[in-house]
Amino acid sequence: QVQLVESGGGLVQAGGSLRLSCTASERTFSNYAMGWFRQAPGKERVIVSAISGSGGIKYYADSVKGRFTISRDNAKKTVYLQMNSLKPEDTSIYYCAAAARFTTTTTSLYSYWGRGTQVTVSS
């Protein structure tokens, strides 16, 4: 069982920044690709960003390109999502997830999920 715990969410004004963190319990953390997803009320869960186990491959949804940055520190077993220039439409619950291999299209490959952290952006 892999435990994922997100932190760093909160309330911020439009144009502000937040950094989300996700810490894993898995000893072989570097073997897992990691992703950030978000789900707003009444909407489907969508992928925001993903990073390969080594950190060499990164993906960003079009809606966040140029504003969000994903990174990881395998020694700390942590993945980060730096969110800049936040917009009200970024308001969502953000989830961290782990997958056996890097993917941006197959959500089912993400086998482990955190409980989520709320991000609210006011206008």
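Refer to the preceding data block for the structure.
The following refers to the structure shown. In this text the structure is predicted, and so the values were computed from the model without any measurement.

This part takes up the environment of Ile47. Within the secondary structure, Ile47 sits in strand 5 (residues 46-51). Along the primary structure Ile47 and Tyr60 are separated by 13 residues, whereas in three dimensions their C-alpha atoms are 8.2 Å apart. If sequence neighbours within four positions are ignored, Ile47 has contacts with Trp36, Phe37, Tyr59, Ala61, Thr103, Thr104 and Tyr110.

Turning our attention to the state of the cysteines. Scanning all chains against the criterion turns up one disulfide. Note that Cys22 is cross-linked by a disulfide to Cys96, the S-S spacing being 2.0 Å. Disulfide Cys22 to Cys96: torsion about the S-S bond roughly -80°, handedness left-handed. With Cys22 in strand 3 (residues 18-24) and Cys96 in strand 9 (residues 92-99), the pair connects residues that are 74 residues apart, well separated along the chain. On the accessibility criterion, Cys22 (1% relative accessible area) is buried. Taking the relative accessible area as the measure of exposure, Cys96 reaches 0% and is therefore buried.

Here strand 1 (residues 4-7) shows one buried face, formed by Leu4 and Glu6, and one open face, formed by Val5 and Ser7. Bridge count between strand 1 and strand 3: four bridges; the pairing is antiparallel. Opposite Glu6, over in strand 3, you have Cys22 as the bridge partner.

Each aromatic ring pair is described using two quantities: the centre-to-centre distance and the angle formed by the ring planes. The final tally for this structure, using the stated rule, is four aromatic pairs. Members of the aromatic cluster, joined through ring pairs, are Phe37, Tyr110 and Trp113. The residue whose ring lies beneath Arg45 is Trp113, and the NZ or CZ to ring-centre distance is 4.5 Å. The ring of Phe29 carries the charged tip of Arg72 above its face, separated from the ring centre by 4.4 Å.

Right, let's talk about the sheet that holds strand 7 (residues 68-73) for a bit. As summarised here, the arrangement of the four strands in space is 1-3-8-7, forming an open sheet in which the pairing is antiparallel. Looking at strand neighbours, the two that pair on one side only are strand 1 and strand 7, the edges of this open sheet. Within this sheet the neighbouring strands show an average axis-to-axis angle of 15°, counted without direction.

Attention now moves to the nonpolar core. Of all hydrophobic cores here, the largest spans 27 residues; its most connected members are Met34, Trp36, Leu81, Met83 and Tyr94. Ranked by the residues each element gives to this core, the list is headed by strand 3, at four residues. In this view, Tyr94 contacts Glu6, Leu20, Trp36, Phe37, Arg38, Val48, Phe68, Leu81, Met83, Gly116, Thr117 and Val119; residues no more than four positions away in its chain are not counted. By size, the runner-up hydrophobic cluster in this structure holds seven residues, among which are Ala33, Ala97, Ala99 and Tyr110.

Parameters and conventions
Residues numbered from 1 in each chain as written. Predicted model: local features only at pLDDT ≥ 70, side-chain atom pairs only at ≥ 80, totals over all residues. Heavy atoms only, no water. Helix = DSSP H or I, 4+ residues; strand = E, 2+ residues; numbered from the N terminus. Contact = heavy atoms within 4.5 Å. Disulfide = S-S within 2.5 Å. Buried < 20%, exposed > 50% of the residue type's maximum accessible area, 1.4 Å probe, protein only. Pairing = 2+ DSSP bridges. Phe/Tyr/Trp six-rings, centres within 6.5 Å; stacked < 30°, edge-to-face > 60°. Lys NZ or Arg CZ within 6 Å of the ring centre and 35° of its normal. Axes fitted to C-alpha atoms, helices over the stretch in contact; angles between N-to-C directions. Core = buried A, V, L, I, M, F, W, Y, C linked by side-chain atoms within 4.5 Å.

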